[in-house]
Amino acid sequence: MSSKTVRETSANNSRAWQQLPLQYAGMAIALIVLVTVFSLRSKTFFSAATFTTIANSIPDLTIVAVGMTFVLIVGGIDLSVGSVLALASSIFAILLTDRHWPIWGAGITAVLCAGVCGWINGFVSAQYRIPAFIVTLGMLEIARGGAYLVTNSETKYIGSSIEWATEPIANLAVSPAFLFAVLVVLAGQWMLHRTVLGRMAVAIGTNAETVRMSGIRTLPTLLSIYTLCGALCGIAALIQTSRLSTADPNSGAGLELAAIAACVIGGTSLRGGSGSVINTFFGVLIVSVLQSGLAQMGASDPMKRIVTGLVIIFAVLVDSLRNNQR
Amino acid sequence: MTPTPPLHRKRRLSTMQLPRWATNGAMALSVLLLTIGCDSPSESTKRNAPGTGSASATGPASATGSASATGSASASGEAGAKSSQPATDKPKIALVMKSLANEFFSTMAEGAKKHQSENTAKYELVVNGIKDERDLARQSALVDEMVAAGAKAIVIAPADSKALIPALRRAKKAGVVVVNIDNKLDEDVLKQEKVSIPFVGPNNFTGAKAVGDFLASKLQAGDQVALLEGIRTSFNATQRRLGFEQAMKEAKIEIVDSQSAQWEVNQANTIAASILNEHPNLKAILAANDSMALGAMAAIKAANKTEQVQVVGFDNISAVQQAIREGKILATADQHGDQLAVFGIEVAMQMLQNPNDDVSDRETPVDLITANELAKNP
């Protein structure tokens, strides 16, 4: 054993230790830069009102993005999140208004239905080895159709009875939904790093064949992850319904791309095997701050989209450069 | 024993030397540059007015160095933007639109911008749209953001007649004047939420009825027609459908099919094609907007039925004007899209000046457009 090895090992150790906070530094810096730029560009941007508004408008996207992170980590993809959200939202509204169910009953049923959609995605893609892209694309249409079916293609107005969840708590400025979303993010990060399910998800995403050859069944993990993603869409649906006081069968169109963008900006690999729930949350924040800031500046519509697209590409580019360094 | 480097750590030459801070910095810098540059190219070509107070207008003003009105404005950067903005009492009016990718709404926005550039002393304007007609959650968030941005009035073309009401109620509660244009908010829900928001816009029912009547004059009783509806959740889609139906009913023309094509060209094209297959004797397709009329027109052409099947639309977009001149589309309705937002802004200004005035709904004109009309005003 040469002294060189010892030195290298200790260097590696200290490096790993240093990387712990640095893991989030890139995202945080990008976020701070964005906020600074917008604050300088628009005199009204840097205000409590702006940040409260952003905080209270992101819980649904955050929760969907957490589910998406896990699906991406196992090497899958879920294109159906927006439609499943619309379906859950529609079911919730119909049970509440037409059937006069209590809120908790309607809410639980909606989340369960969304979970079932996720389970079907997972079962069909994992059991029959069909690409998740195709299966969830099918579910995207099925759930959207279901949403139109249950609502009869009408927007269902519910009223203020459910608004408490997304209204800012007095003296705190943020809504219960935001606090819940933060809780989901923390729980997700914990699950990813500290539970068997989380580690298994990373293992499957890294090399599913190896996991299988090691004599471990991948189906239960995949089913859990897809069901979780579906159920999270259901919860996001409740939050969105509360925020709009309405269930709209058209809602959530394009949500899958927003969620995937947030994950990817946060460094989750589309090839599976790596990702961080907290960085996904940063991804959501970056997208939302960008959206809100450009809107306040009154940037023209084409520019908004071009800038958003460039930020997504740059984020992934930088992340890939960083990964090559390691 | 010599340590061998791990196999999986392939390093690329190009990125090997870059330290972490450099890549982080590169990202930060690129975001910064992008954001700073983002509004200048498009805005500066459109607006030559010197430094108005609005955040969007300071970009081009400082970039072109024409902000002489404020004297102290420096030609570079954000410091100039801040110092060149004295506290003005000009109200900021936020125009919240639907998809600006739709020509109808972009025309509306352009009309509003033109009006603002002629009235720079009176108000500031911030225009925002959503990426497609169904993105309610984003439009609702936009309303909140505009309140946070200090807008004194919000003029909105709601993507949904019901879903936007809670956000607008919050805005009103924060003391912001709200005016509804284009798509009327649902009256029952407004009552339930105990808010009153004036609607400034055309009567879509009478507009669609006029188009339907004109079409009926070219058809015979008992002929078969089909409807392409807009998104069924929106009020103007319903009104236009009812207007078409009324006209057809009065002329005793049979509606054999009525489907929603979500206001979109592509969907209208697919749906119209299948309707044409299903009903070989179809004489006309009534589309609730011009985009769908164009989609139907293409389907008719593909089915080689241009002589047999007529198309009417609604909105009078420029592509359809061309089609009307060529005789491919029979008629459309002009609700003076470029003026709609301006009407809304004028009402908002009036409400800002006289907060106690009770402003009721205001109807704006809708005109029937046919080949004759277009020949008169080339």
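Keep in mind it's a predicted model, so treat the numbers as computed, not measured.

## Regarding the overall build of chain A
Right, so step 1: When helices and strands are tallied, chain A shows 12 helices and 2 strands.
Right, so step 2: Its C-alpha atoms give chain A a radius of gyration of 21 Å, within 12% of the compact-globule value 20 Å for 326 residues.
Right, so step 3: The principal-axis extent of the C-alpha atoms belonging to chain A is close to 75 × 55 × 40 Å.
Right, so step 4: Of all 326 residues assigned to chain A, the portion counted as buried reaches 59%.
Right, so step 5: Taking the contacts inside chain A whose residues are at least 6 apart along the sequence as the reference set, 77% of them involve residues at least 24 apart.
Right, so step 6: Accessible surface, chain A as shown: approximately 13,600 Å² in total, 69% of it carbon and sulfur.
Right, so step 7: If you average the places of the 19 positive and of the 13 negative side-chain charges in chain A, the two averages end up 14 Å apart.

## Observations regarding the packing of helix α6 (residues 103-118) of chain B against helix α15 (residues 337-353) of chain B
Residues and elements named next belong to chain B.
Right, so step 1: The interhelical angle for the contact between α6 and α15, taken along N-to-C directions, is 50°, at an axis separation of 6 Å. With respect to α15, the element α6 is oriented oblique. Here α6 and α15 pass one another in a crossing that is right-handed. On α15, the residues touching Phe104, Thr107, Met108, Gly111, Ala112 and His115 of α6 are Gly337, Asp338, Leu340, Ala341, Val342, Ile345 and Glu346.

## Side note on the pattern of salt bridges
Right, so step 1: Per the stated rule, a full pass over the model turns up 20 salt bridges over all chains.
Right, so step 2: The residue Asp60 of chain A makes a salt bridge to Arg243 of chain A at a minimum N-O spacing of 2.6 Å. One end of the pair, Asp60 of chain A, is in helix α3 (residues 59-73); the other, Arg243 of chain A, is in helix α9 (residues 219-244), and 183 residues separate them in sequence. Across the pair, Arg243 of chain A and Asp60 of chain A agree in class, each one buried.
Right, so step 3: A salt bridge links Glu229 of chain B to Arg241 of chain B; the shortest N-O distance between them is 3.7 Å. Separated by 12 residues along the polypeptide, Glu229 of chain B in strand β6 (residues 224-229) and Arg241 of chain B in helix α11 (residues 235-250) bring together distant segments of the chain.
Right, so step 4: The exposure class of Glu229 of chain B is buried, given its relative accessible area of 8%.
Right, so step 5: A relative accessible area of 24% places Arg241 of chain B in the partly exposed class.
Right, so step 6: Salt bridges here are not isolated pairs; linked through shared partners, they connect Glu229, Arg232, Arg241 and Glu245 of chain B.

## A short note on the sheet that holds strand β4 (residues 177-181) of chain B
All names here are of chain B.
Right, so step 1: Spatially, 6 strands are ordered β2-β1-β3-β4-β5-β11 in an open sheet, and the strand pairing comes out parallel. Strands at the two margins of the open sheet, each flanked by one partner only, are β2 (124-130) and β11 (362-364). Going from strand to strand, the sheet's axes swing by 20° on average, the running direction of each strand aside.
Right, so step 2: Sheet analysis places β4 next to strand β5 (residues 199-202), joined by 2 bridges and oriented parallel.

## A look at the confidence of the model for chain B
Residue and element names in this part refer to chain B.
Right, so step 1: The predicted model of chain B has a mean per-residue pLDDT of 79, with 76% of residues at 70 or higher.
Right, so step 2: In this model residues 4-17 is a low-confidence stretch, pLDDT under 50, and it forms 9 contacts with partners more than four residues away in sequence or in other chains.
Right, so step 3: Scored below 50 in pLDDT, residues 37-87 makes 61 contacts in the model with residues more than four places away or belonging to other chains.
Right, so step 4: Taken over the whole predicted complex, pTM reads 0.73, whereas the ipTM for its chain interfaces reads 0.70.

## A closer look at unusual backbone geometry
All names here are of chain B.
Right, so step 1: Backbone geometry places Lys194, a non-glycine residue, at a positive phi of 55°.
Right, so step 2: Position of Lys194 among the secondary structure elements: in the loop between α9 (187-193) and β5.
Right, so step 3: Classification of Lys194 by relative accessible area gives exposed; the value is 74%.
Right, so step 4: The residue Asn316 is not glycine, and still its phi comes out positive at about 60°.

## Topic: the packing of aromatic side chains
Residue and element names in this part refer to chain A.
Right, so step 1: Counted according to the given criterion, the structure contains 6 aromatic pairs over all chains.
Right, so step 2: Measuring from ring centre to ring centre gives 5.9 Å for Phe45 and Phe51, while their planes differ by 85°; the resulting arrangement is edge-to-face.
Right, so step 3: Among the residues examined, Phe51 registers a relative accessible area of 31% and is labelled partly exposed.
Right, so step 4: Pairwise contacts between aromatic rings join Phe38, Phe45, Phe46 and Phe51 into one cluster.

## Quick notes on the nonpolar core
Residues and elements named next belong to chain A.
Right, so step 1: With 94 residues, the main nonpolar core has Phe38, Val64, Ile286 and Val289 as its most contacted residues.
Right, so step 2: Broken down by element, the residue count for this core peaks at 12 residues, all from helix α11 (residues 277-297).
Right, so step 3: With residues near it in sequence (within four places) discarded, Val289 still touches Leu31, Leu34, Val35, Phe38, Phe45 and Ile54.

## Section: the domain arrangement of chain B
All names here are of chain B.
Right, so step 1: Looking at the assigned domains, one finds that chain B contains domain 1 (92-201 + 338-364) and domain 2 (204-334).
Right, so step 2: On a C-alpha basis, the centroid separation for the pair domain 1 and domain 2 is 29 Å.
Right, so step 3: Contact residues are listed per partner, giving 9 residues for domain 1 and 12 residues for domain 2.
Right, so step 4: Summed over both partners, the interface of domain 1 with domain 2 buries about 1,000 Å², with 42% contributed by carbon and sulfur atoms.
Right, so step 5: Summed over the shared surface of domain 1 and domain 2, the number is 0 salt bridges.
Right, so step 6: For the pair domain 1 and domain 2, the number of links is 3 residue pairs in polar contact (both at pLDDT 80 or more).

## Details of the pairing of strand β3 (residues 153-156) of chain B
All names here are of chain B.
Right, so step 1: Of the two faces of β3, the one holding Ala153 and Val155 and the one holding Ile154 and Ile156 are both buried throughout.
Right, so step 2: In terms of strand pairing, strand β1 (residues 92-99) meets β3 through 4 bridges, oriented parallel. Residue pairing in the sheet places Ile93 in a bridge with Ala153 of β3.
Right, so step 3: Handedness of the β3-helix α8 (residues 165-173)-β4 crossover: right-handed.

Here is what the cut-offs are and how they apply
Residues numbered from 1 in each chain as written. Chains lettered and ligands numbered in written order. Predicted model: local features only at pLDDT ≥ 70, side-chain atom pairs only at ≥ 80, totals over all residues. Heavy atoms only, no water. Helix = DSSP H or I, 4+ residues; strand = E, 2+ residues; numbered from the N terminus. Rg over C-alpha atoms; globule rule 2.2 N^0.38 Å. Buried < 20%, exposed > 50% of the residue type's maximum accessible area, 1.4 Å probe, protein only. Contact = heavy atoms within 4.5 Å. Areas by Shrake-Rupley, 256 points an atom, 1.4 Å probe, with all protein chains shown as cover. Lys, Arg positive; Asp, Glu negative; His and termini not counted. Charge placed at Lys NZ, Arg CZ, Asp CG, Glu CD. Axes fitted to C-alpha atoms, helices over the stretch in contact; angles between N-to-C directions. Parallel < 35°, antiparallel > 145°, perpendicular 65-115°, else oblique. Left-handed = near helix turned anticlockwise from the far one by under 90°. Salt bridge = Lys/Arg side-chain N within 4 Å of Asp/Glu carboxyl O. Pairing = 2+ DSSP bridges. pLDDT = per-residue confidence, 0-100. Phe/Tyr/Trp six-rings, centres within 6.5 Å; stacked < 30°, edge-to-face > 60°. Core = buried A, V, L, I, M, F, W, Y, C linked by side-chain atoms within 4.5 Å. Domains from an automatic or database assignment. Buried area = accessible area lost by both parts, 1.4 Å probe. Polar contact = N/O pair within 3.5 Å; in protein donor to acceptor, adjacent residues only side chain to side chain. Right-handed = clockwise from strand over helix to strand, strands pointing away.

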